[in-house]
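Residue-level structural notes
So you can see what is in the structure, the chains are spelled out below.
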Amino acid sequence: MLNKQPLVLGQVYFSQPEMIQQSLESPELPYVIDYEAPKILPFMSGWDNLLLPQKRIAPTLKRVIEAHLKRSRRLLGTELSPVDQFWIQLIRGLATHQQLVVVKQFLDKLPPTDARQLLNDVRQTAAQFQIIVIMTTTQESVFNSFQSQVIS
Amino acid sequence: MFFIKSIPANIRYYSRQSLLIYLADCLFLGVMLIALSLISLERHDLNQLKKQLANFNTAQKGTNSLTYLVQSKQALLGRYQLIAVVLLVIIALVIGIVTWQAFKKMRQDVDTFTSANWPRHKIVNYYTLTALCLLIMASVTIILSWVLFNSYYWRGLELINQQWLQKPLRPLQGRRAFQPLFKNHLTDFSSHSLLNPVLHERTKQNLTNQVLAQLWGPFISLMAPVYLIGWCQVIRFRKMRKA
């Protein structure tokens, strides 16, 4: 279900996990955010988990951090909610100028309201930073409904 | 700043594993301390013996029992040194294996650092510093308790050295073995103290300093494997990620 060609910067796309390997032809390796193996240090607070040097944080990125990680700043890595973990990883990707982000089976794990909110936020962020985000889900109905709500 | 905050957090999160490594460090340091002390003690005894033998003329020195005594002492010193080297190698091997396993367990953490674009040397330094912190804690514990019970420690070691480890010398220690030597000879030591020299407080202090100065050996054998295996594992994980 991945759009045929070409992917446009600043857009969010949906795909089934197995389709990614088959149909994604990109010169650069995608930055993968895997919910099954989140790259979060369990012993750090949410803020420290960004692992970014202060100088590298641009003002635009600072705004995203403020908006999405304000609450999780003082939490330990083990206490972070899945959405916070997602934002930490996405912000790390943005800081290292990744253009193609693949989010693996994340929507299936979230309650629908959270997922909808997240999709709206991700769409805005993708447009702001001119990145391509591909979200994978195993449930066709889920991404069909989200696609109609969010993308159209 | 990040390291200062995060290393204690890391140790606290993996507290059980850290405690095990701390105890292993304590054990290895303690064993090496005993081995190094035995070497220093035996070397001191040998020097003392040679000094005392200088009191006798060459004809008397030639006696079988004396030659045997010096040879046995030298052999014992050699054995202690061999044991110390073997121990160092064993420690380095064990620490290497433990580090390999620990990095396997912390694969996800290493991947996290990698995904945040940390250079490899920073990741290795981070874990080496964590291990160094644990080692410093262990050495403070061991050295403090060692200094606290220093007097008892040396007395105990002396007893062990004389009673148990010098077993092959025992037949020599009969009162009569060296009596011909002392006949018509005025010395400031007896046949008993020739075999079992008394450790004075100052000597203990000197030996303690000697052993402390040699502690870098065990330190290196405890730290070097962590650094080397750390590099191997971080490079391996990065290759596996790319594959």
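As shown above, the structure is provided for reference.
All of the points below concern the structure found in this document.

Analysis parameters
- Residues numbered from 1 in each chain as written.
- Chains lettered and ligands numbered in written order.
- Predicted model: local features only at pLDDT ≥ 70, side-chain atom pairs only at ≥ 80, totals over all residues.
- Heavy atoms only, no water.
- Salt bridge = Lys/Arg side-chain N within 4 Å of Asp/Glu carboxyl O.
- Helix = DSSP H or I, 4+ residues; strand = E, 2+ residues; numbered from the N terminus.
- Buried < 20%, exposed > 50% of the residue type's maximum accessible area, 1.4 Å probe, protein only.
- Core = buried A, V, L, I, M, F, W, Y, C linked by side-chain atoms within 4.5 Å.
- Axes fitted to C-alpha atoms, helices over the stretch in contact; angles between N-to-C directions.
- Parallel < 35°, antiparallel > 145°, perpendicular 65-115°, else oblique.
- Contact = heavy atoms within 4.5 Å.
- Pairing = 2+ DSSP bridges.
- Patch = residues over 30% accessible without salt bridge, like charges linked within 9 Å, V, L, I, M, F, W, Y side chains within 5 Å.
- Areas by Shrake-Rupley, 256 points an atom, 1.4 Å probe, with all protein chains shown as cover.
- Lys, Arg positive; Asp, Glu negative; His and termini not counted.
- Charge placed at Lys NZ, Arg CZ, Asp CG, Glu CD.
- Buried area = accessible area lost by both parts, 1.4 Å probe.
- Polar contact = N/O pair within 3.5 Å; in protein donor to acceptor, adjacent residues only side chain to side chain.
- Nonpolar A, V, L, I, M, F, W, Y, C, P; charged D, E, K, R; others polar.

Overview of the pattern of salt bridges
Residues and elements named next belong to chain B. Under the counting rule described, the total for this entry stands at 6 salt bridges over all chains. Notably, a salt bridge pairs Lys73 with Glu42, separated by 3.9 Å at the nearest N-O pair. Of this pair, Lys73 sits in helix H4 (residues 64-105) while Glu42 sits in helix H2 (residues 15-53), placing them 31 residues apart in sequence. Owing to a relative accessible area of 0%, Glu42 belongs among the buried residues under this scheme. What emerges from the salt-bridge pattern is a single network uniting Glu42, Asp45 and Lys73.

Structural notes on the nonpolar core
Ranked by internal contacts, the top residues of the largest apolar core, which has 55 residues, are Phe113(B), Trp118(B), Tyr126(B), Tyr127(B) and Trp154(B). Elements supplying a minimum of two residues to this core: helix H1 (2-13), H2, H4, helix H5 (107-115), helix H6 (120-148), helix H7 (150-164), helix H10 (201-213) and helix H11 (216-242) of chain B. Among the elements that make up this core, the one with the highest residue count is H2(B) (12 residues). Judged by nonpolar contacts, the second largest core, of 33 residues, contains Val64(A), Ile65(A), Leu80(A) and Leu90(A).

Here's the deal with the packing of helix H2 (residues 59-69) of chain A against helix H4 (residues 112-129) of chain A
Residues and elements named next belong to chain A. H4 packs onto H2 with a crossing angle of 170° between their chain directions and a minimal axis gap of 12 Å. What the angle tells us is that H2 and H4 run roughly antiparallel. From H2, Thr60, Leu61, Val64 and His68 reach across to H4, where they touch Asp121, Gln128 and Phe129.

Details of the sheet that holds strand S1 (residues 12-15) of chain A
Residues and elements named next belong to chain A. Taking strand neighbours across the sheet as the criterion, the 4 strands line up as S1-S4-S3-S2 in an open arrangement whose pairing is parallel. The sheet is open, and its two edges are formed by S1 and strand S2 (31-34), each paired on a single side. In this sheet, neighbouring strand axes are inclined to one another by 20° on average, regardless of whether the strands run parallel or antiparallel. The pairing of S1 with strand S4 (residues 132-136) spans 4 bridges and is parallel. Of the residues in S4, the one forming a bridge with Tyr13 is Ile134. On top of the sheet, helix H3 (residues 82-95) reaches S2, strand S3 (100-104) and S4; it is set at about 170° to S2, its chief contact. Across the sheet, H4 is in contact with S1 and S4; its angle to S4 comes to roughly 155°.

Examining a positive patch on the surface
Taken together, the side chains of Arg120(B), Lys239(B), Arg241(B) and Lys242(B) define a basic patch exposed on the protein surface. Residue classification places Arg120(B) among the partly exposed positions, given a relative accessible area of 34%.

Some remarks on the interface of chain B and chain A
Taken together, the contact between chain B and chain A spans 18 residues of the former and 15 residues of the latter. When the two sides are added together, the surface that chain B and chain A hide from each other amounts to roughly 1400 Å², 67% of it contributed by carbon and sulfur. When residues of chain B are sorted by the area they lose upon contact with chain A, Tyr13(B), Thr112(B) and Ser115(B) head the list and together hold 32% of the total. Along the contact surface separating chain B from chain A lie 1 salt bridge. Lys5(B) is the partner of Asp48(A) in a salt bridge, and the nearest nitrogen-oxygen pair spans 3.3 Å. For the pair chain B and chain A, the number of links is 3 residue pairs in polar contact (both at pLDDT 80 or more). Mapped onto the side of chain B that touches chain A, the elements with two or more residues apiece are H1 and H5 of chain B. Grouping the amino acids of the side of chain B that touches chain A by side-chain chemistry returns 8 nonpolar, 6 polar and 4 charged.

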